[in-house]
Amino acid sequence: MVNLQNDACRLVILISGRGSNMQTIVDTIVRESLPAQVCAVISNRADAAGLDWAAGRGLTTHVVPHRVFDSRQEFDAALAEVIDQYQPHYVLLAGFMRVLTPGFVERYEGRLINIHPSLLPSFPGLHTHQQALVDGVQWHGCTVHFVTAKLDHGPIVAQGIVPVLASDEPDALSARLLNVEHRMYAQVVRWLAQGRVSLDENQIVRVEGVPTRAFLPDGSLLNPSGEE
Ligand code: GRF
């Protein structure tokens, strides 16, 4: 468990594109005066739209362009060098579209969190909305999880669901799910900032005072017990 020792929870957010999850996280921290600080937003792509948004909010941004490195190891080493300047309690992947090396994952073990647009362990990898439609599942969803060396795998912090409609195309399903992603990542950041998230001896996530971390289609928590 990360020990915040009364410090504000220092966060570094990694993005590759539009950064709508990052925006929600930043807005939630500011609006609710959470004891958390986004120290930097880092992208592997200079053209990531989320970078402009972050800079416009006065946040520190960096680009570590993966293309200039000969190997994943070299890219990850350069990325870690930038991240480590900020000594973050947590590194949040928010639409960061690079596979990270085991060495990188190990360096941030227990501090590296991702959001994936499927109900893991179903549909790891890309095109998750398409995969869900092809398989005819009735419920699709998203997962916030600790990152392990295995792609799109690791202890689950929270999951959210949306129904799959007969008329759904991948884009419509994706857009509907994105609302739940935003509410869910924001809630996970609240829990992280409050120092309530830990892993038990079986690598199962516990959130102090929260019996379930399942999000409904409207983004609310199932059996919220007074929690949002
Ligand atoms: C989200 O659907 C996220 O789950 C996935 O990539 C998308 C990123 O969207 N990993 P955004 O950049 O946060 O808007």
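Refer to the structure printed above.
Here's what I pulled together on the structure shown here.

Scoring rules and cut-offs
Residues numbered from 1 in each chain as written. Predicted model: local features only at pLDDT ≥ 70, side-chain atom pairs only at ≥ 80, totals over all residues. Heavy atoms only, no water. 1 Å grid on protein atoms, 1.4 Å probe; cavity = no way out; pocket = protein on both sides within 12 Å on 5 of 7 lines; lining within 4 Å. Points joined across faces, edges and corners; volume = space filled by probe spheres on them. Helix = DSSP H or I, 4+ residues; strand = E, 2+ residues; numbered from the N terminus. Disulfide = S-S within 2.5 Å. Salt bridge = Lys/Arg side-chain N within 4 Å of Asp/Glu carboxyl O. Buried < 20%, exposed > 50% of the residue type's maximum accessible area, 1.4 Å probe, protein only.

### Here's the deal with the layout of surface pockets
In this structure, the largest pocket encloses a volume near 890 Å³. Along the walls of the largest pocket sit 34 residues, with Gly95, Phe96, Met97, Ile115 and Pro117 positioned nearest its centre. Listing elements by their share of the lining of the largest pocket, those giving two or more residues are α1 (20-31), β5 (112-116), α5 (128-135) and α6 (170-193).

### Looking at the state of the cysteines
One pass over the structure, following the stated rule, counts zero disulfides. Of all cysteine sulfurs in the structure, the one in cysteine 39 sits closest to cysteine 9, which takes part in no disulfide; the separation is 8.8 Å.

### Examining the pattern of salt bridges
Summed over the entire model, instances satisfying the criterion amount to eight salt bridges. Measuring nitrogen to oxygen at the nearest pair gives 2.9 Å for the salt bridge that ties aspartate 27 to arginine 57. Here arginine 57 lies in the loop between α2 (49-56) and β3 (61-63) and aspartate 27 lies in helix α1, a separation of 30 residues in the sequence. Since its relative accessible area comes to 24%, aspartate 27 is described here as partly exposed. Taking relative accessible area as the criterion, arginine 57 reaches 44% and is therefore assigned partly exposed. Among the ionic pairs, aspartate 84 bridges to arginine 107, the shortest N-O distance being 2.5 Å. Of the two residues, aspartate 84 is situated in helix α3 (residues 72-84) and arginine 107 in helix α4 (residues 102-107); the sequence distance between them amounts to 23 residues. On the basis of relative accessibility, which here comes to 21%, the residue aspartate 84 falls in the partly exposed class. Taking relative accessible area as the criterion, arginine 107 reaches 47% and is therefore assigned partly exposed. Among the charged side chains, a network of salt bridges with common partners joins Arg31, Glu32 and Arg190.

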